[in-house]
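Structure assessment
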Amino acid sequence: MSPAGTSLHEDAALVLKEWQAHDTDQDRLRLDYLDHLATHPDGMWKACADGHVTASALVIDPSRGKVLLTLHRKLGMWLQMGGHCEPGDATLADAALREATEESGITGLRLLPGGPVRLDRHRTPCAWHLDVQYAALAPEGATETISDESLDLRWVGHDAVGEVADESVVRLTRRTWELLDRHR
């Protein structure tokens, strides 16, 4: 259960309701996600045939200007850490942080303040993922460890992400650095 007795479904709806999109396309996605949750009581779970909300986090080391990407075992693509919500996740932010910690092997990650960074809806071999994307700050001197879900992990300069990853990861990285600049 989420804080104050709310469910993960209710927490996700609240996060999306309160999130301030930075452009029209992101706001459209936000409204689509809210509609999905309103019409699918199971919209947080992998079993939802019409798609489900997922949580991810781009692990970043601002002092080095780098992001940590995972070579996803099933998809064979360089991506941010993330995946399906689980019943033990109290909040959407908790799910993103759990996924980032599990897949990077880095303890002590903390989410960039201010909530989600972006939204990204994409098709996987099994279903639509309505991904809520956060950024996670790595502690100084963090050491990554490859998980069972990953073929490899790689620190990449934030300005070189496009050389290894697709446009969705480039957009997430770009937006993360915009928000970092505001927090400095």
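Scope of this entry: the structure provided in the associated data block. As the structure is a computational prediction, the values presented were derived from the model and not from experiment.

**A short note on the overall build of the chain**
Scanning the chain from N- to C-terminus turns up four helices and eight strands. Each helix and strand of the chain, placed in order from N terminus to C terminus, yields the pattern α-α-β-β-β-β-α-β-β-β-β-α. Computed over C-alpha atoms, the radius of gyration of the chain comes to 15 Å, within 12% of the 16 Å expected from 2.2 N^0.38 for 184 residues, which places it in the range of a compact globule. Each principal axis of the C-alpha distribution contributes one length, and for the chain these read about 40 × 35 × 30 Å. Looking at the 184 residues of the chain, the share that counts as buried comes to 52%. Restricting to contacts in the chain with at least 6 residues of sequence separation, those with at least 24 account for 67%. About 9100 Å² of surface is accessible on the chain, with carbon and sulfur atoms providing 51% of the total.

**Some points on helix H2 (residues 24–39)**
Its 16 residues give H2 an end-to-end C-alpha distance of 23 Å, which sits within 8% of 22 Å, the value for a rise of 1.5 Å per residue. What H2 keeps buried is the set Gln26, Leu29, Arg30, Tyr33, Leu34, His36 and Leu37. The buried residues of H2 occupy an angular sector of 160° when the element is viewed end-on, so they sit on one face. Seen from the buried face of H2, the exposed residues on the opposite side, beyond 90 degrees, are Thr24 and Ala38. Packed against the buried residues of H2 are helix H1 (8–18), strand E1 (52–61), strand E6 (118–123) and strand E7 (128–137). Its side-chain oxygen placed 3.2 Å from the backbone nitrogen of Asp25, Asp23 serves as the N-cap of H2.

**Quick look at the layout of surface pockets**
Size it by volume and the largest pocket reaches roughly 770 Å³. Of all the secondary structure elements, the ones that give two or more residues to the lining of the largest pocket are E1, strand E2 (66–72), strand E4 (81–84), helix H3 (92–104), E6 and E7. Along the lines of polarity and charge, the residues of the lining of the largest pocket split into seven nonpolar, 14 polar and 13 charged.

**Focus: the side chain of His52**
In this fold, His52 is placed in strand E1. In this structure His52 comes out as buried when scored by relative accessible area, which is 2%. Polar contacts involving the side chain of His52 include one to the side chain of His129, which spans 3.3 Å. For His52, the residues in contact, after removing those within four places along its chain, are His36, Gly43, Met44, Trp45, Lys46, His84, Ala127, Trp128, His129 and Leu130.

**What about the pattern of salt bridges?**
Under the criterion given, the structure shown has eleven salt bridges. A salt bridge links Arg98 to Asp89; its shortest N-O distance comes to 2.7 Å. Overall, the relative accessible area of 6% leaves Asp89 in the buried class. Taken together, the shared-partner salt bridges in this structure form one network comprising Glu86, Asp89, Arg98, Glu99 and Glu102.

**Some thoughts on the nonpolar core**
In this structure, Met44, Val59, Leu92 and Val132 are the most contacted members of the largest nonpolar core, which totals 32 residues. Mapped onto this core, the elements with two or more residues apiece are H1, H2, E1, H3, E7 and strand E8 (150–157). If near-sequence neighbours (up to four positions away) are discounted, Val59 is found in contact with Lys66, Val67, Leu68, Met81, Ala100, Ser104, Ile106, Leu109, Ala136, Ala138 and Trp155. By size, the runner-up hydrophobic cluster in this structure holds 21 residues, among which are Ile60, Leu71, Trp78 and Ala165.

What counts as what
Think of each chain on its own: its residues are numbered from 1, step by step along the sequence as written. Where totals are concerned, whole chains, interfaces and linings use all residues; where local detail is concerned, this predicted model gives features only for residues with pLDDT of at least 70, and gives and counts side-chain atom pairs only at 80 or more. Excluding hydrogens and water, the side-chain values take into account all heavy atoms of the structure. Only DSSP runs of H or I with at least four residues qualify as helices, and only runs of E with at least two residues qualify as strands; both kinds are numbered from the N terminus onward. As a reference, a globule follows 2.2 Å times the number of residues to the power 0.38, and the radius of gyration itself is taken over C-alpha atoms. Here the term buried applies to any residue with accessible area under 20% of the maximum for its type, exposed to any over 50%, and partly exposed to those in between, with areas from a 1.4 Å probe on protein chains only. By the convention used here, residues are in contact when the closest approach between their heavy atoms is within 4.5 Å. For accessible areas, the Shrake-Rupley method is used with a probe of radius 1.4 Å. Any residue's cover is judged against the shown protein chains and nothing else. Multiplying one less than the number of residues by 1.5 Å gives the expected span of a helix. The arc in question is the one traced by the directions running from the helix axis out to the C-beta atoms. Here a polar contact is recorded for every N or O atom pair within 3.5 Å, except that within protein the pair must consist of a potential hydrogen donor and a potential acceptor, and residues adjacent in sequence are included only if both atoms are side-chain atoms. Here a cavity denotes grid points, spaced 1 Å and computed from the protein atoms alone, that fit a 1.4 Å probe unable to get out, and a pocket denotes an open set having protein on both sides within 12 Å along at least 5 of 7 lines; residues with an atom within 4 Å of a point are the lining. Grid points are joined across faces, edges and corners, and a volume is the space filled by probe spheres set on the points. In the scheme used here, Gly and all other residues not listed as nonpolar or charged are polar, with Ala, Val, Leu, Ile, Met, Phe, Trp, Tyr, Cys and Pro taken as nonpolar and Asp, Glu, Lys and Arg as charged. Take a side-chain nitrogen of Lys or Arg and a carboxyl oxygen of Asp or Glu: if they are within 4 Å of each other, that pair is a salt bridge. Definition used in this section: a nonpolar core is a set of buried Ala, Val, Leu, Ile, Met, Phe, Trp, Tyr and Cys residues joined via side-chain atoms within 4.5 Å.

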